[in-house]
Each structure stands twice: as C-alpha cells, then as structure tokens.
Amino acid sequence: TGRRVLVLAGKGGNGGGGMVCARRLHNWGAAVQLWMTAPGKELAGVPLHQFGILERMGIPTIAAGEPSTLPPADLLVDALIGYSLTGPPTGLAANLIDAANNHGAPILSLDVPSGVDSATGAATGSVIRATATMTLAMPKGGFEAESARRHRAELDLADISVPPEPRPEDRRGGDHVS
C-alpha cells in the first residue's frame, strides 16, 4: 500500500503479463504507472485487452520516448521482453532497459530479464540487471548460463497451474502439446 511502482511493458505477451501485474498492484494499493514501448493503438490480443482494463481503471500509462527518464519509484517491474527475444534489444525497449538499470530502485523481472535469451542464457546489448526474477511455470533452459545468472539474480518460480504432464486430449502427434 502506498508504494510507487513503475511497470515497464513491451507490446507482446510479457507486456500483457506486466499489465496484469500493474492491475493487481493497483488493487492492492500501490501507486502504479505503466511505461510502454508502444502506444495502446499498436497493441493486439492480450496486451490490448489488458491495456483497455488499465485505462478504465485510470492507471497512468506513458508511451516511452527516447530518451526516457523514469520518475522516482520504490520498485520497477520489467515486462519488456519475454522468452521470444531474438537478438539484442533495440529502440525503445533498449532505452527503457538502460533507464531501469540507471534508476536505482530494485527491479523485478517477469519470467525472463529483458535482454536475456531464455534458451541459451546469452545476454548482449542492453540487458536488465534484475534484483529478482519471477519465472512462470518452469525455470528457463538458459538460466544456468553464467551470463543469465548475472542478470536474473534471485530466481523465484511462480506456479501458474501448468500441469506436469499433458492431458491425452492435448496431445497432437507424439509429445507435442498445442
């Protein structure tokens, strides 16, 4: 209650998760601002849906520009880039990563620290230096690489009710689950 939290969100699934986080923190009494790499009109799917909810709730949303200076906060939540990273972050995502790293508040990364390749652990270019990472469902394969460990810091596993084994009706040819 009363804590200032900046949620940094990309326009993909990780950003949508960050928007859910923003909503929950707001409902618990935090003063939340959402800093985005794209304006709401560029969103689609889950992020667009979550953005609409945040707008109706009156949670301040800021489309980041270059360069961005983040306001004072007690916590930063990194939801810029998730497990679909291909290559080093660029543009507004890289700008917000650098601003977050220079901010001074603790950083909680959702699922994967932005800039870390979850499969290999490679971390090049602008990469979040998380105080803690809350990964979803299971630890990512690349998290044990030294480069990933330096950026993920403390690792917590969030149970989001992913079943340990796929149900028979979810199987589509062998072990593939859609």
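Quantities reported herein were computed from a predicted structural model and do not represent experimental measurements.

A. Here's a closer look at the layout of surface pockets. Its volume calculated, the largest pocket comes out at about 690 Å³. Every residue lining the largest pocket is counted, 28 residues in all, and those nearest its centre are Gly13, Asn14, Gly15, Ile81 and Gly82. When residues of the lining of the largest pocket are traced back to their parent elements, those giving at least two are α1 (13-27), α3 (91-101) and β6 (132-136). In terms of residue count, α1 provides more of the lining of the largest pocket than any other element does, 4 residues in total. For the lining of the largest pocket, the residue count by class is 13 nonpolar, 12 polar and 3 charged. Roughly 160 Å³ of internal volume is contained in the second largest pocket. Split into classes, the residues belonging to the lining of the second largest pocket amount to 4 nonpolar, 1 polar and 1 charged.

B. Structural view of the confidence of the model for the protein chain. Overall, the predicted model of the protein chain reaches an average pLDDT of 85, with 86% of residues at or above 70. Note on residues 171-178: pLDDT is under 50 here. Beyond four places in sequence and across chains, it has 8 contacts.

C. Structural view of the nonpolar core. Grouped together as the largest cluster of nonpolar side chains are 19 residues, with contacts concentrated most on Trp35, Leu70, Leu76 and Ala100. Among the secondary structure elements, those contributing two or more residues to this core are β1 (4-9) and α3. With 5 residues, the top contributor of residues to this core is α3. Apart from residues no more than four positions distant in its own chain, leucine 76 is found in contact with Leu6, Leu70, Ala100, His103, Ala105, Pro106, Ile107 and Leu108.

D. Representation of the environment of aspartate 156. Turning to its location among the elements, aspartate 156 is positioned in strand β7 (residues 154-158). Residues aspartate 156 and methionine 134, 22 residues apart in the sequence, show an inter-C-alpha distance of 4.7 Å. Those residues in contact with aspartate 156 that lie beyond four places of it in its chain are Thr133, Met134 and Thr135.

E. Examining the sheet that holds strand β5 (residues 107-110) more closely. The sheet built from 7 strands is open, its strands ordered β3-β2-β1-β4-β5-β6-β7 with parallel pairing. The sheet is open, and its two borders are formed by β3 (61-63) and β7, each paired with just one other strand. Adjacent strand axes in the sheet meet at a mean angle of 20°, parallel and antiparallel pairs treated alike. Across 5 bridges, β6 lies against β7 in parallel orientation.

F. Up close: the side chain of asparagine 14. Within the secondary structure, asparagine 14 sits in helix α1. Here asparagine 14 falls in the buried class, since its relative accessible area comes to 13%. Within polar-contact distance, the side chain of asparagine 14 engages the backbone nitrogen of leucine 80 at 3.4 Å. Leaving out residues up to four positions away in the same chain, asparagine 14 has contacts with Asp78, Ala79, Leu80, Ile81, Gly82, Leu110 and Asp111.

G. Expanded view of the packing of α1 against helix α2 (residues 45-57). For the pair α1 and α2, the least separation of the axes is 8 Å and the interaxial angle reads 25°. Considering their axes alone, α1 and α2 lie roughly parallel with respect to each other. The interaxial crossing formed by α1 with α2 has left-handed handedness. Contacts between α1 and α2 involve Gly13, Gly16, Met19, Val20, Ala22, Arg23, His26 and Asn27 from the former and Pro47, Gln50, Phe51, Ile53, Leu54 and Met57 from the latter.

H. Up close: the pairing of strand β4 (residues 75-79). For β4, a buried count of 4 out of 5 residues is recorded, marking the element as mostly surrounded by other parts of the structure. Note: β1 against β4, 5 bridges, orientation parallel. Bridge pairing in β4 links alanine 9 to alanine 79. Both β4 and β5 contribute to a ladder of 3 bridges, which runs parallel. Among the inter-strand pairings, valine 77 is bridged to a residue of β5, identified as leucine 108.

Calculation notes
- Residues numbered from 1 in each chain as written.
- Predicted model: local features only at pLDDT ≥ 70, side-chain atom pairs only at ≥ 80, totals over all residues.
- Heavy atoms only, no water.
- 1 Å grid on protein atoms, 1.4 Å probe; cavity = no way out; pocket = protein on both sides within 12 Å on 5 of 7 lines; lining within 4 Å.
- Points joined across faces, edges and corners; volume = space filled by probe spheres on them.
- Helix = DSSP H or I, 4+ residues; strand = E, 2+ residues; numbered from the N terminus.
- Nonpolar A, V, L, I, M, F, W, Y, C, P; charged D, E, K, R; others polar.
- pLDDT = per-residue confidence, 0-100.
- Contact = heavy atoms within 4.5 Å.
- Core = buried A, V, L, I, M, F, W, Y, C linked by side-chain atoms within 4.5 Å.
- Buried < 20%, exposed > 50% of the residue type's maximum accessible area, 1.4 Å probe, protein only.
- Pairing = 2+ DSSP bridges.
- Axes fitted to C-alpha atoms, helices over the stretch in contact; angles between N-to-C directions.
- Polar contact = N/O pair within 3.5 Å; in protein donor to acceptor, adjacent residues only side chain to side chain.
- Parallel < 35°, antiparallel > 145°, perpendicular 65-115°, else oblique.
- Left-handed = near helix turned anticlockwise from the far one by under 90°.

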